[in-house]
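The chain contents come next:
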Amino acid sequence: MNLDQANESQDSNQWVSIRKRVREKNISVKTPPPSKKKYNNCVSVPEMIMKQEEEVHPAASLTQDYMEQVDCDSQEDLFGDYDSFADDSCFLAQLEDAEGRSPVFTSIPVGNEKEDWKDAVEPRVTFQNTNLLDCLQNNENKTHKHPAEDVTLVTGKQDSSGKESNVAKWQHTCLTLESVQERKNLIYSLPTSGGKTLVAEILIMQELLCRKNDVLFVLPYVALVQEKVRGLSSFGIEFNFLVEEYAGSKGKFPPIKRRQKKSLYIATIEKAHGLVNSLIETERINSLGLVVVDELHMLGEGSRGAILEMALSKILYICKTTQIIGMSATLNNVSELQHFLRAEHYTSNFRPVQLKEYVKLHDSIYEVDNKSEDYFTFSRLLSYKYSSNMEKIDPDHVIALVTEVIPEHSCLVFCPTKKNCENVSKMLCKYLSKSFITLKEKEKCALIKELKSIGNGIICPILRQTVPYGLAYHHSGLTNDERKLIEEAYSAGILCLLTCTSTLAAGVNLPARRVILRSPYVARDFLKRSQYKQMIGRAGRAGIDTEGESILITQEQDKKLVTDLVSRPLECCYSNLMHDNEKGIKDLLLSLIGLKVAQTLDKIVEFMASTLLGVQQQQLLKGKSFLVVIKEALEPLMKKDLIEGKMSSSSSDEEEMHHKLQVTKLGHATFKGSIDLAYCDTLNMDLKKSLEGLVLGNYLHLIYLVTPYDMVSQCTPDWMVYFRQFHHLDVVEQKVFAIVGVPESFLTKKASGQAVRKTVDGFVVARFYLSLVLYSLFKEMNTWAVAQKFNMSRGFMQNLLNAAAAFSSSVLHFCEELEEFWAYQALFQDLTHKLSYCVKPELVSLMEVSGVLEARARQLYKAGYKSLSYLANASPEVLVKTIEHMSRRQAKQIVSSAKMLLNEKAEALQEEVEELLRLPIDLPLQSVST
């Protein structure tokens, strides 16, 4: 069955998906029944992943002839990330097979779903084997078929084309490295789509199930955290461990101490650092057996890199038994990272789909060829015929490049700005053939209807214009619901082209046959080599395409820069502790002293030597000693009254080196709340001032206190809107203006264009403007309406809301450490929860499930799933039939995530009960009188 035939066979009311997938009922390869043999020890995870029948069909058993007999699953996504076994049906099927062979399985029903590939294995499993890699040593003659990739997963086998496939050769080698088996730290790097995550997840399962230790999985973005929580929750349910989300405002510090179950913490960089701090403070850091860091090159990314470096440095310094695994597609100065992490390094050039790089200059397309003297080899001339009008509108021939691949194949067009994304998408659909509209017409109509529903009856006019042609733009100006819907439509093949900004390259997994870089710039900055590699890495869909291609459009004046871009090595990854006026090192020093990790100068110097900055000291400190740098960083902390202690100007005072430094109460609250040092004293003053006249007749004053300081610079007030909003508020709400320092007379003069003589704090005025945006969202719960009211992008407002929820959580932790702010604690706890969801109360419990956004929550609620309990006990098959545009994979993940969250809440209550009933260990002995 070809892809077009598969599309035609779909139900017209369903979103069409065209991934070929093998169903059990059609598989010609025979799988033996579970063995009745009993083993003394449990089967290892890789054995269950890789173990196959003794008679192995060659790779050619999944040739085209065979695939024509296979049904195409209408509910599966077109582009799955098979980098992870969370998406691999074979894994769970083999776990079921293992049930019959192991005496240590205990049957505990967790659901009644009966799926094609058993997404919910009913028994929970206890693993006793301590070595998960034994089976790999004897697996050379066995093969494993991946659902979406017709390839052999072990060395020495050939695929249907006769070529040797090493999709698991590197994974097998990596997992069986002596250093890995000895639990040494490891860095491994491969190109995008090389299958890095699978190795990490096998090691995670080993740590949780065999060594019985907690695991921390660090990912760079909230969306990736939520995606991974959804993907791994079913495994947690089946194998009796907890999957806990630490992103945005979610996550408990310190985490609940579990006695029965182990936890997999999936966290963003910021939340991971907070988690590490809380575990150190409660002396539980040794409970972390493994820390996995995805996108390790983020160490070199500004303030976020500094936070990641702090977290890893603390683990390395304090806990010698925790294994650290770092993975990345883009690494250069690996030796320095190895030195920092005390790690081994493994690398491979394997990529499941070959990538060809091209550069377009004028009408000519050149292939990137490192063997050529000038790095380029002429490939072809564009043959698309342009009218004079088209030539003016599209001088870079983007139309010609995209129409070579769409609609038969998918395409991503990376643009330098958000506005350019929108303009290019409009320009393309203006000149595309009208025949594009007839393709998947019903599905596109359903998509437009859903986008309209998300916007409460309003749809972006650009999307309304482009979606019928199978096009859409994708950038941060969209709401989370819109982005999610567009991503799902693209994955399902309904949309064949996205115009997008560079952030998509580092976020969700949306590959394409062709990737076009509209310009070698991001905004006004020329592309970094690492950014370029990430973008072009999206080219090539595993299991769908035999090759992918990237085309970089450039101009004559940029030719030399582009030559350098495609030929030079990746940028080095440098420590960012000295970035932004030494902000990172100041944060680090405050937490080191506050956590009592290092409280004297000599201990601090010792700690700093073990950081990445310590490894790169000569390059970054410009001849300064660590002692001088540390003293310079401590000075402003003391001036802000965050640290107290004795420090002299002499660098050779031996007594001073051993003098103990301490954090003040304000310092302790600052690092516990992860408050930016630039704003900690401002926050403290704002909270103190507000105690004198806090307005509690509405939420406006509280919202002002949690409006993020660092977002003020991203917004310029519209004075007419500001003035109008003031007069729409009631008397109690208007009172807040005067209290925070925004007088009505000031707004009146600004709105009318008059000169303002009275001095008013501009920062406070701009911040309060953002507070009004948040307050409107808080009251109306309609992003579109508020966006129109304030003339802002709906995406910016949603980012503002998410940032406010996270900052509110930080302010809550800050207040918990300062007795004078006791009154704020209950108020900010309630506010944090409300800002985190900002929806009608009945939808909140549904939106607690990872990845369930407002639109999906509304669908579920209307269908009768009114609480977390309803969702946890739902049947995925019923969800697919009941909820519009929900694939089977999505339904399974939502149910699994709901079950996991319900289990987590039940576990927490059980732990609390047991804690209350536990006999104190220091209970005085009572004498019994005779």
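Here, every reference points to the structure presented above.
Nothing here was measured: the structure is a model prediction, and the numbers come from that model. (Residues numbered from 1 in each chain as written. Predicted model: local features only at pLDDT ≥ 70, side-chain atom pairs only at ≥ 80, totals over all residues. Heavy atoms only, no water.)

## Let's talk about the overall build of the protein chain
Then comes step 1: Per the secondary structure count, the protein chain includes 42 helices and 21 strands.
Then comes step 2: Burial statistics for the protein chain: of 930 residues in total, 58% are counted as buried.
Then comes step 3: Here the contacts in the protein chain between residues at least 6 apart in sequence split such that 73% fall between residues at least 24 apart.
Then comes step 4: Surface exposure of the protein chain reaches about 39,600 Å², of which carbon and sulfur atoms provide 49%. (Helix = DSSP H or I, 4+ residues; strand = E, 2+ residues; numbered from the N terminus. Buried < 20%, exposed > 50% of the residue type's maximum accessible area, 1.4 Å probe, protein only. Contact = heavy atoms within 4.5 Å. Areas by Shrake-Rupley, 256 points an atom, 1.4 Å probe, with all protein chains shown as cover.)

## Here's the deal with the pattern of salt bridges
Then comes step 1: If you walk through the whole model with that rule in mind, you get 31 salt bridges.
Then comes step 2: We note a salt bridge from R258 to E244, for which the minimum N-O separation is 3.4 Å. Remark: E244 occurs in strand 5 (residues 242–246) and R258 occurs in the loop between strand 5 and strand 6 (263–267); sequence separation between them is 14 residues. Each member of the pair, R258 as well as E244, is classed as buried.
Then comes step 3: Of the charged contacts, one joins K672 and E817 as a salt bridge, the two residues approaching to 3.1 Å between their closest N and O atoms. One end of the pair, K672, is in helix 28 (residues 665–672); the other, E817, is in the loop between helix 36 (794–816) and helix 37 (822–837), with 145 residues separating them in the sequence.
Then comes step 4: What you see here is one network of salt bridges that share partners, running through R380, E404, R514 and E549. (Salt bridge = Lys/Arg side-chain N within 4 Å of Asp/Glu carboxyl O.)

## A look at the sheet that holds strand 13 (residues 411–414)
Then comes step 1: If you trace the eight strands from one edge of the open sheet to the other, you get 12-11-10-19-16-13-15-14, paired in mixed fashion. Edge positions in the sheet fall to strand 12 (376–381) and strand 14 (471–474), since each of these pairs with one other strand and no more. Averaged over all neighbouring strand pairs, the angle between strand axes comes to 25°, with direction disregarded.
Then comes step 2: Strands strand 13, strand 14 and strand 15 (497–500) of the sheet are contacted by helix 19 (residues 480–491), whose axis makes an angle of about 135° with strand 14. (Pairing = 2+ DSSP bridges. Axes fitted to C-alpha atoms, helices over the stretch in contact; angles between N-to-C directions.)

## Considering helix 35 (residues 783–790)
Then comes step 1: Among the residues of helix 35, those classed as buried are T783, W784, V786, A787 and F790. Along the axis of helix 35, the buried positions cluster into a sector of 165°, meaning they face one direction only.
Then comes step 2: Against helix 17 (441–454), helix 19, helix 31 (719–728), helix 34 (762–780) and helix 36 lie the buried residues of helix 35.
Then comes step 3: Among the residues of helix 35, the N-terminal cap falls to N782, whose side-chain oxygen and the backbone nitrogen of W784 are separated by 3.2 Å.
Then comes step 4: Just beyond helix 35, the residue with positive phi is N791, at close to 55°. (Arc of directions from axis to C-beta. Polar contact = N/O pair within 3.5 Å; in protein donor to acceptor, adjacent residues only side chain to side chain.)

## Concerning the sheet that holds strand 7 (residues 288–294)
Then comes step 1: With respect to topology, seven strands assemble into an open sheet ordered 5-6-4-7-8-3-9, the strand pairing being parallel. One side of each edge strand has no neighbouring strand; the edge strands of this open sheet are strand 5 and strand 9 (343–347). Here the strands of the sheet are splayed against their neighbours by 15° on average, with no regard to which way each runs.
Then comes step 2: Where strand 4 (residues 214–218) lies against strand 6, four bridges are found, and the strand directions are parallel. Considered in strand 6, the bridge of L216 is made with Y265.
Then comes step 3: The strands touched by helix 10 (residues 269–281) are strand 4, strand 5, strand 6 and strand 7; relative to strand 4, the strand with the most contacts, the crossing angle is about 150°.
Then comes step 4: Set on the sheet, helix 12 (residues 334–341) makes contact with strand 3 (185–189), strand 8 (323–328) and strand 9; between it and strand 9 the angle comes to about 145°.

## Structural notes on the packing of aromatic side chains
Then comes step 1: Tallied over the full model, the rule gives 24 aromatic pairs.
Then comes step 2: Ring centres of Y679 and Y709 lie 5.0 Å apart, and the angle between their planes is 15°; this geometry places the pair in the stacked category. Taken together, the residues span a long stretch of sequence, with Y679 in the loop between helix 28 and helix 29 (680–691) and Y709 in the loop between helix 30 (700–705) and helix 31 at a distance of 30 residues.
Then comes step 3: The class of Y679 is partly exposed, set by a relative accessible area of 24%.
Then comes step 4: Aromatic pair Y722 and Y769: ring centres 4.9 Å apart, planes at 55°, arrangement tilted. With Y722 in helix 31 and Y769 in helix 34, this residue pair connects regions lying 47 residues apart in the sequence.
Then comes step 5: You can call Y722 buried: its relative accessible area is 0%.
Then comes step 6: For Y769, a relative accessible area of 1% gives the class buried.
Then comes step 7: Above the plane of the ring of Y704 lies R767, whose end atom (NZ or CZ) is 4.5 Å from the centre. (Phe/Tyr/Trp six-rings, centres within 6.5 Å; stacked < 30°, edge-to-face > 60°. Lys NZ or Arg CZ within 6 Å of the ring centre and 35° of its normal.)

## Details of unusual backbone geometry
Then comes step 1: Going from F253 to P254, the amide bond is cis rather than trans, its omega being -15°.
Then comes step 2: Here P254 shows up in the loop between strand 5 and strand 6.
Then comes step 3: Here the bond from I406 into P407 is cis, since omega is 5°, no more than 30 degrees from zero.
Then comes step 4: In this structure, Y375 takes a positive phi of about 75° despite not being glycine.
Then comes step 5: By secondary structure assignment, the location of Y375 is in the loop between strand 11 (364–368) and strand 12.

## Structural notes on the environment of G548
Then comes step 1: Within the element layout of this structure, G548 appears in strand 19 (residues 547–554).
Then comes step 2: We classify G548 as buried; its relative accessible area is 1%.
Then comes step 3: With 10 residues separating them in the primary sequence, G548 and R538 have C-alpha atoms 8.4 Å apart.
Then comes step 4: Ignoring any residue separated from it by four or fewer positions in sequence, one finds G548 in contact with V353, Q354, L355, K356, R513, A539 and G540.

## Some points on helix 28
Then comes step 1: In terms of burial, helix 28 is a largely internal element, six of the eight residues being buried.
Then comes step 2: Among all positions of helix 28, only L666, G667, H668, A669, T670 and F671 are buried.
Then comes step 3: For helix 28, the secondary structure elements touched by its buried residues are helix 10, helix 22 (579–594), strand 21 (662–663), helix 29 and helix 36.
Then comes step 4: Backbone geometry just downstream of helix 28 places S674 in the positive-phi region, at approximately 55°.

## What about the side chain of H813?
Then comes step 1: Along the chain, H813 turns up in helix 36.
Then comes step 2: According to the relative accessible area criterion, H813 is buried, its value standing at 18%.

## Quick notes on the environment of A400
Then comes step 1: Tracing the chain through its elements places A400 in helix 14 (residues 398–403).
Then comes step 2: The spatial distance from the C-alpha of A400 to the C-alpha of L382 is 7.5 Å, given a sequence separation of 18 residues.
Then comes step 3: Filtering out sequence-adjacent residues up to four positions away, A400 remains in contact with L382, Y384 and Y386.

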